[in-house]
6 protein chains.
Amino acid sequence: MLNRATIDRVVAAALEEDAPWGDLTSEYLIVETAQARADLVARERGVFSGGEVFEAAFRLTDPRIEVQLIVEDGEWFEPGAVLAVVTGPARGVLTAERVGLNFTQRMSGIATLTGRYVAEVAHTRASIADTRKTTPGLRAFERKAVRDGGGRNHRYSLSDAVMAKDNHLALLTRGAVDGGWEAALTRALRAAKERLPHTAHLEVEVDRLEQIEPVLAAGVGTIMLDNFSLDDLRVGVAQVAGRATVEASGGVSLDTVRAIAETGVDVISVGALTHSARALDLGLDVRIDAP
Amino acid sequence: MLNRATIDRVVAAALEEDAPWGDLTSEYLIVETAQARADLVARERGVFSGGEVFEAAFRLTDPRIEVQLIVEDGEWFEPGAVLAVVTGPARGVLTAERVGLNFTQRMSGIATLTGRYVAEVAHTRASIADTRKTTPGLRAFERKAVRDGGGRNHRYSLSDAVMAKDNHLALLTRGAVDGGWEAALTRALRAAKERLPHTAHLEVEVDRLEQIEPVLAAGVGTIMLDNFSLDDLRVGVAQVAGRATVEASGGVSLDTVRAIAETGVDVISVGALTHSARALDLGLDVRIDAP
Amino acid sequence: MLNRATIDRVVAAALEEDAPWGDLTSEYLIVETAQARADLVARERGVFSGGEVFEAAFRLTDPRIEVQLIVEDGEWFEPGAVLAVVTGPARGVLTAERVGLNFTQRMSGIATLTGRYVAEVAHTRASIADTRKTTPGLRAFERKAVRDGGGRNHRYSLSDAVMAKDNHLALLTRGAVDGGWEAALTRALRAAKERLPHTAHLEVEVDRLEQIEPVLAAGVGTIMLDNFSLDDLRVGVAQVAGRATVEASGGVSLDTVRAIAETGVDVISVGALTHSARALDLGLDVRIDAP
Amino acid sequence: MLNRATIDRVVAAALEEDAPWGDLTSEYLIVETAQARADLVARERGVFSGGEVFEAAFRLTDPRIEVQLIVEDGEWFEPGAVLAVVTGPARGVLTAERVGLNFTQRMSGIATLTGRYVAEVAHTRASIADTRKTTPGLRAFERKAVRDGGGRNHRYSLSDAVMAKDNHLALLTRGAVDGGWEAALTRALRAAKERLPHTAHLEVEVDRLEQIEPVLAAGVGTIMLDNFSLDDLRVGVAQVAGRATVEASGGVSLDTVRAIAETGVDVISVGALTHSARALDLGLDVRIDAP
Amino acid sequence: MLNRATIDRVVAAALEEDAPWGDLTSEYLIVETAQARADLVARERGVFSGGEVFEAAFRLTDPRIEVQLIVEDGEWFEPGAVLAVVTGPARGVLTAERVGLNFTQRMSGIATLTGRYVAEVAHTRASIADTRKTTPGLRAFERKAVRDGGGRNHRYSLSDAVMAKDNHLALLTRGAVDGGWEAALTRALRAAKERLPHTAHLEVEVDRLEQIEPVLAAGVGTIMLDNFSLDDLRVGVAQVAGRATVEASGGVSLDTVRAIAETGVDVISVGALTHSARALDLGLDVRIDAP
Amino acid sequence: MLNRATIDRVVAAALEEDAPWGDLTSEYLIVETAQARADLVARERGVFSGGEVFEAAFRLTDPRIEVQLIVEDGEWFEPGAVLAVVTGPARGVLTAERVGLNFTQRMSGIATLTGRYVAEVAHTRASIADTRKTTPGLRAFERKAVRDGGGRNHRYSLSDAVMAKDNHLALLTRGAVDGGWEAALTRALRAAKERLPHTAHLEVEVDRLEQIEPVLAAGVGTIMLDNFSLDDLRVGVAQVAGRATVEASGGVSLDTVRAIAETGVDVISVGALTHSARALDLGLDVRIDAP
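Reading guide: rules and limits
Residues numbered from 1 in each chain as written. Chains lettered and ligands numbered in written order. Predicted model: local features only at pLDDT ≥ 70, side-chain atom pairs only at ≥ 80, totals over all residues. Heavy atoms only, no water. Buried < 20%, exposed > 50% of the residue type's maximum accessible area, 1.4 Å probe, protein only. Helix = DSSP H or I, 4+ residues; strand = E, 2+ residues; numbered from the N terminus. Pairing = 2+ DSSP bridges. Axes fitted to C-alpha atoms, helices over the stretch in contact; angles between N-to-C directions. Core = buried A, V, L, I, M, F, W, Y, C linked by side-chain atoms within 4.5 Å. Contact = heavy atoms within 4.5 Å. Least-squares fit on C-alpha atoms with pLDDT ≥ 70 in both. Patch = residues over 30% accessible without salt bridge, like charges linked within 9 Å, V, L, I, M, F, W, Y side chains within 5 Å. Areas by Shrake-Rupley, 256 points an atom, 1.4 Å probe, with all protein chains shown as cover. Salt bridge = Lys/Arg side-chain N within 4 Å of Asp/Glu carboxyl O. Lys, Arg positive; Asp, Glu negative; His and termini not counted. Charge placed at Lys NZ, Arg CZ, Asp CG, Glu CD. Buried area = accessible area lost by both parts, 1.4 Å probe. Nonpolar A, V, L, I, M, F, W, Y, C, P; charged D, E, K, R; others polar. Domains from an automatic or database assignment.

The next thing to look at is the pairing of strand 1 (residues 35-42) of chain B. Looking along a regular strand, one sees side chains alternate from face to face of the sheet. Residue and element names in this part refer to chain B. Of all 8 residues in strand 1, 6 are buried; the element is thus mostly enclosed. One ladder, built from 7 bridges, connects strand 1 with strand 5 (residues 82-89); its direction is antiparallel. Across the sheet, the residue bridging to Arg-37 is Thr-87, located in strand 5. As defined by bridge partners, strand 1 adjoins strand 12 (residues 282-289) across 8 bridges and the pair is classed as antiparallel.

What follows is the structure, encoded as structure tokens:
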């Protein structure tokens, strides 16, 4: 459930962006009394996402417009399906059309791509998770779309979980002599854990197998195996043995995701869900009636 | 040139979105005095876009961070190229990294996709144009990216040009008897033109050849041939004969764009440039130095 | 039609500006249960503008207040006419009064001044157009008022049309030898046109007759004859001969506009419409009823 | 002194309003390296106002632009005077020009009109004061302009002083029998005073002489004589005899203000200062230099 | 009465702050169809404040939620009292709970503390006033709470009254020789008064008795006796003798306020009302019903 | 480290709140050329917090003002200590004074109260944690203050951790027969965990000992023992035996916190840290120098 205040703030800004001085075409070519009925129609198969946002685009343009959502967020639909019906003054319906579509096409595109990844790994224990590679300003919407597609959200921001990467590990073990880096790493992570919010998840990204033990020794929540080969993933999963959540990352595509999931990892994070999903092909079929 | 006030407003909001309560990882794992040097590196070939925006992400996080742009917006680069160098306090560099990348990867992705379309039609008179199918809140940025890729901007919003489509034409010719629709259409468009801002471009979308003459008779600026076959495009171009700009739209992809351009149209509009470009693969190679 | 989201954003800000800590007078002198009925009355003749905005001032202060608009935007009214009726809780009615009036008096003032210019040129082909000399933050409202007065909007912003002035022409022809400036100018304008959005109107301001031909040769949309004498305007119109829209600018007042229009120009732009219109004299006649 | 945060917020919004997608003319007709020097020149006599705001328009567009203010806010200048000099990248100078002018022309217009009123009453004890009839969103700026013109600010908003008008008086004395309304009025105003912030000024508007005594008996700060004849103003001033500030309002123009002031009133409030001042004629003389 | 636009702006921001990506607990643990009824219950005795704000938290989260206010702002209640009843979809009720409570607990805390101060001085002529020591961003709300507690608002901001303190007095009398400082001070304050808005209250803070006469001689509205002993307060009150409002400040607590009030001062300002009130203990008793 | 964009946004809004039309006192009583030096001085012992925010108040008022921070956030200081030194134009220094103090007094008040709680439990394993009972709009600042006082942040918002309370548990176990509620609870929590972001912490609040086992069986991160007696806390800690973080909540005060900590719990959350801390007594000692 998206916060209505958030939806309205973001959609209102999008409407102003798309019509800073009004909609010339509606105003000069359509009589004020004309009424419209518009069907939101699927041009391809997909998962619906963004119904509330679509509705807001019309409501915020003209409160007399009504939007009836026929398909719920998270539902799969076939080409030709009518997803929603919009009725009301024709000028407003046409003014809001593009903004409404821009949101729901993008969100449904993300939901659908997520749904395809999820289907690939359905027979495994792995979840498909998103990343922080989202569109600036739209993260709440894109994360909703991932959930609608059956995916699982990763940390939302820099503020709700720690993700220690190679740079951090190097820094934390600086100056450790010989094989002393393992102990140094464990110690440093433990020290951080004690000061962090107790609700903050601690995730550590490793890029080779020998880092796993010292990281686990610190009691982390998730260990991310970054760019591991399938074999190494399997070894890693065995080594972790349930002591932490195992996340795989890097080199994930629709072609590779199934094999990765079959190594036994718990979570596979996929930047492409949000940074490279294409908009789903949805259209608005409008009929206008004028007295 | 993007307005600095706009850049700063949008980037500041993105930074707050990504770290509403600060960056836990930086704060708990990196000493305050650590310094970083980070190279923005291309992992694939592309066109750079968003340099100023990338710079703003770091500057607005910590004014002590300096960003040196090495490649200019609009330049092609090869994999491995260093596009920019960031130096300053390590905490801030890492805090801003993802937001900086999210903007520039998206913009460079759009610029690069545009560049590929432009290359396809380079030997013709056709320009590649974008559409209003942009990300809500980021239109100014995405349009800049299209220009950086060598594309040409279409109307920016509902307020700066009229685009009459099938619905409008149907409405304008309602009640016309027999073949009278042609005269009715010409008359209606002319009437609108006289009331519109004289600087507002009038574009009319037609879906069959016989609509061309009555539309041209009204003195429109652009006639859009929507979903025409290649043959019909050629006939249409000949029929217009320079009396208006000819825009082709619908069914445009990297596979089809060359043939469409070769029909002689002036402009080809491509929604995919902004609604379905994938993020370009750029990364930040960070080295941290702590006393 | 103004976007409701825009109206509400601007009016809410105005209400907060006028009562950052509430309305002391209403709160300390009027009982909470008092009801008011207020007539918006014309104290002078004019054109109404800003009905929706007037309504928003009351609705956003207290949703229980109802505003019935009696005169529509764009209608002329006589002194004494009741333009709207406001009913609801007295405190809110009085709190919103000044903000509601500030908007509608300003907008009706602009509409009325525009109406007077339009009346002067009614027998000619000329339209009266506004300029970018609007009040910061209120351009969408003031442009609406110009339309309500029968005027025609000019470009809305720096982003929707090009206006090349003396400085630009000097720059574009720099270095041209002898009479070569004409060719240089034509060439430069043509080059710009090819890169500009095809929907962007190209207008060029000239200040002497010999600039007309090289500008027209580039295929511009509008040629602005700046500060031309009436004789030169007539010559200019003849010379352009329908190849572009002819706009006259400079030295336009209610005394001079008729003669300028009679030279045959298409558009006369008048900065005074928005930068120097005085507020129309409208008042709110309030009756309060308390139990 | 205007708060810099306020200036920057308002000016940045104005810049975005005037160039939501950038300045096409600058971007397509001026090379990036061109430099400009621009003089802000007076085309008529007036009082300068808005120097800081003018400066902000350029600084917020491009921080490399420098603005040197030559005339200070509040100074009179003659036609032809150079008020400020702007130097920096030509694109930004031209982009910010109109917004900078829109602010300073409006503010200087208000300051100049105020200055003319002030000059009319210079030989009397009367101050010229503004009203709440300001432009929505720009009150802080317009009030500054009034001060620059030598005027005196009235209450800034509904929150900083009480102004009881005819409606309020009628309500406060409702139900009082016979001549009892005087006592009822005094009592009601005193009661309000005791609850109001002790720093809140209490001003009461009266429209006939017999209201003066009961109002004064309550110990008000200001008594406003609304639409009084000159004779009645003189009687009123004598009657008040220094027990409260006397404000005259209604029917004030440059023709009548001197006579009103000579009746001995302390303050004359003039709505026209802000709601009907015309913009002062200032222009930017730009010279562009390109390598 | 708080402006609804202000309430909604501030509450919407608080809701976004508390759930930037939605409410995980509601979304993952409560079925969408569950309904809730929640009583706002007092856990301790106090004065209610913030009813409208409490209502807005739920309405802005989900417009289907209804809030019935049972106790009015400004009413005292006993422990166990039900102050309001909330009914509607359970997810939204729980999402908005904390934000609604945060506002009303803080406001009721301030109102209650104010009420205790007011009770202490009830037998005297003194009012209890607040200060500018409020929470950034919430001043309008906290000032409302003080009124609800029976207190009196002081100046709202730096813009609605002048408060001259020791620094200012030192500056104004700089360079005065011998005993000349008294005359210099009177002169300087008078000069300021003549230029200030006539509605701006002039308050001067003095820290010793001999400053009183020269300040009064300038005709100030309020004289603040800062950190005076009880004896000096009594002397000061006698000396002022009704020629100005007398405000006492400094060293005020629930233990000392009665004695201070009994010295005869008019106003006692108490920073602690807003900067150190603790939140009142209110709770939401929620019952959830799911089909 | 607070994000600079956030600091500036919040502080600029506070400055506008406190001086919507400028600072009358500075403008009318202080010459523009006056310079000030101001020491931020501690009037009581405490922990400093809010240095960056204090600095921003002055910088955003007038960029010429310099603030030198002498004490760092998180440091204890004694009464009389100089915490920071402000130098620059006197008008701006006095205008920003109250806003700067309001932030830093509040933050230092929270830090100091936190510090006192932390000192009480220093000999135990318990951390002191804050809650979501923060001031609307200031959570990021108040959480920083808690950290500066040596406290540990709890979840920041509804979006970064799940907190299941009595209502949720009742709902999750509805319809379970006999003793079946334990299994039902475990099952329901496990099911939620699988869909939640893997980085989302799952915390469950219990109010009696027999709930502990079924909750732990689901593998939660934290179990909160709400309003347990000291004896029950000890039993609970033993029962959990390190399988989850143990948080104590309810009835926590400076008098009780030590005994609670000694029961062996890991975290003690204290709403009072933010909802009932009083402002610390800090003052600005200003010296003004005028030419």
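Before going further, it helps to spend a moment on the sheet that holds strand 8 (residues 201-206) of chain F. Residue and element names in this part refer to chain F. Pairing in this open sheet of 6 strands is parallel, and the strands run 6-11-10-9-8-7 from one edge to the other. Here the strands that pair on one side only, and so sit at the sheet edges, are strand 6 (127-129) and strand 7 (161-164). Direction aside, the axes of adjacent strands within the sheet are offset by 25° on average. Sheet topology places strand 10 (residues 245-249) next to strand 11 (residues 267-269); 2 bridges connect them, and they run parallel.

Soluble globular proteins tend to bury their nonpolar side chains together. Core analysis: the biggest nonpolar cluster contains 193 residues, and D:Phe58, D:Phe141, D:Ile268, E:Phe58 and E:Ile268 have the highest contact counts within it. Contact partners of E:Ile268, with chain neighbours within four places excluded, come to E:Ala126, E:Ser127, E:Ile128, E:Ala129, E:Ala248, E:Val252, E:Val257, E:Ile260 and E:Ala261.

Moving on, we come to the relation of the copies chain A and chain B. The transformation that overlays chain A on chain B combines an axial shift of 0.0 Å with a rotation of 180°, and the residual RMSD is 0.0 Å. Between the two chains, the operation in question is that of a two-fold axis. Here 100% of the interface residues in chain A have copies in chain B that are interface residues too; the copies meet face to matching face.

Once that is clear, we can look at a negative patch on the surface. On the surface, a cluster of negative charge is contributed by A:Glu32, C:Glu52, C:Glu72 and C:Glu75. You can see C:Glu72 is positioned in the loop between strand 3 (66-69) and strand 4 (76-77). For C:Glu72, a relative accessible area of 55% translates into the label exposed.

Moving on to the interface of chain A and chain B. A common way to report how large an interface is uses the accessible area buried once the components associate. Taken together, the contact between chain A and chain B spans 58 residues of the former and 58 residues of the latter. Together, the buried faces of chain A and chain B total about 5,100 Å²; carbon and sulfur atoms form 58% of this surface. Ranking the residues of chain A by area buried against chain B places A:Tyr28, A:Leu29 and A:Leu158 at the top, with a combined share of 14%. Counting across the interface, chain A meets chain B through 4 salt bridges. The residue B:Arg139 makes a salt bridge to A:Asp18 at a minimum N-O spacing of 2.6 Å. Element by element, the count of residues in the side of chain A that touches chain B is highest for helix 4 (residues 90-120) of chain A, at 6 residues. Its residues assigned to classes, the side of chain A that touches chain B comprises 31 nonpolar, 14 polar and 13 charged.

Residue and element names in this part refer to chain C. In space, the 4 strands of this open sheet follow the order 3-5-1-12, with antiparallel pairing throughout. Sheet topology places strand 3 and strand 12 (282-289) at the edges, where each strand pairs with a single neighbour. Across this sheet, the average inter-strand angle for adjacent strands is 15°, counted without regard to direction. On top of the sheet, helix 3 (residues 51-61) reaches strand 1 (35-42), strand 3, strand 5 (82-89) and strand 12; it is set at about 165° to strand 3, its chief contact.

This paragraph deals with the domain arrangement of chain A. Residue and element names in this part refer to chain A. Domains assigned within chain A are domain 1 (4-118 + 278-289) and domain 2 (124-275). Contacts between domain 1 and domain 2 engage 21 residues on the former and 20 residues on the latter. In total, about 1,700 Å² of surface goes out of reach between domain 1 and domain 2, with carbon and sulfur atoms giving 73% of it. When the buried area of domain 1 at its contact with domain 2 is split by residue, Ile-110, Thr-114 and Tyr-117 rank highest and sum to 41% of it. Counting the contacts that link domain 1 with domain 2 gives 1 salt bridge. With a shortest N-O distance of 2.6 Å, Asp-73 and Lys-144 are connected by a salt bridge. Among the secondary structure elements, those contributing two or more residues to the side of domain 1 that touches domain 2 are helix 1 (4-18) and helix 4.

This brings us to the pattern of salt bridges. Opposite charge on two side chains lets them pair, provided their charged atoms get close. Considering all chains together, one arrives at 133 salt bridges over all chains under this definition. Linking C:Arg125 and C:Asp266 is a salt bridge whose minimum nitrogen-to-oxygen distance equals 2.5 Å. On the criterion of sequence distance, the pair formed by C:Arg125 in the loop between helix 4 (90-120) and strand 6 (127-129) and C:Asp266 in the loop between helix 10 (257-261) and strand 11 (267-269) is long-range, its members being 141 residues apart. Salt bridges sharing common partners tie together B:Arg4, B:Asp8, B:Glu55 and B:Arg59.

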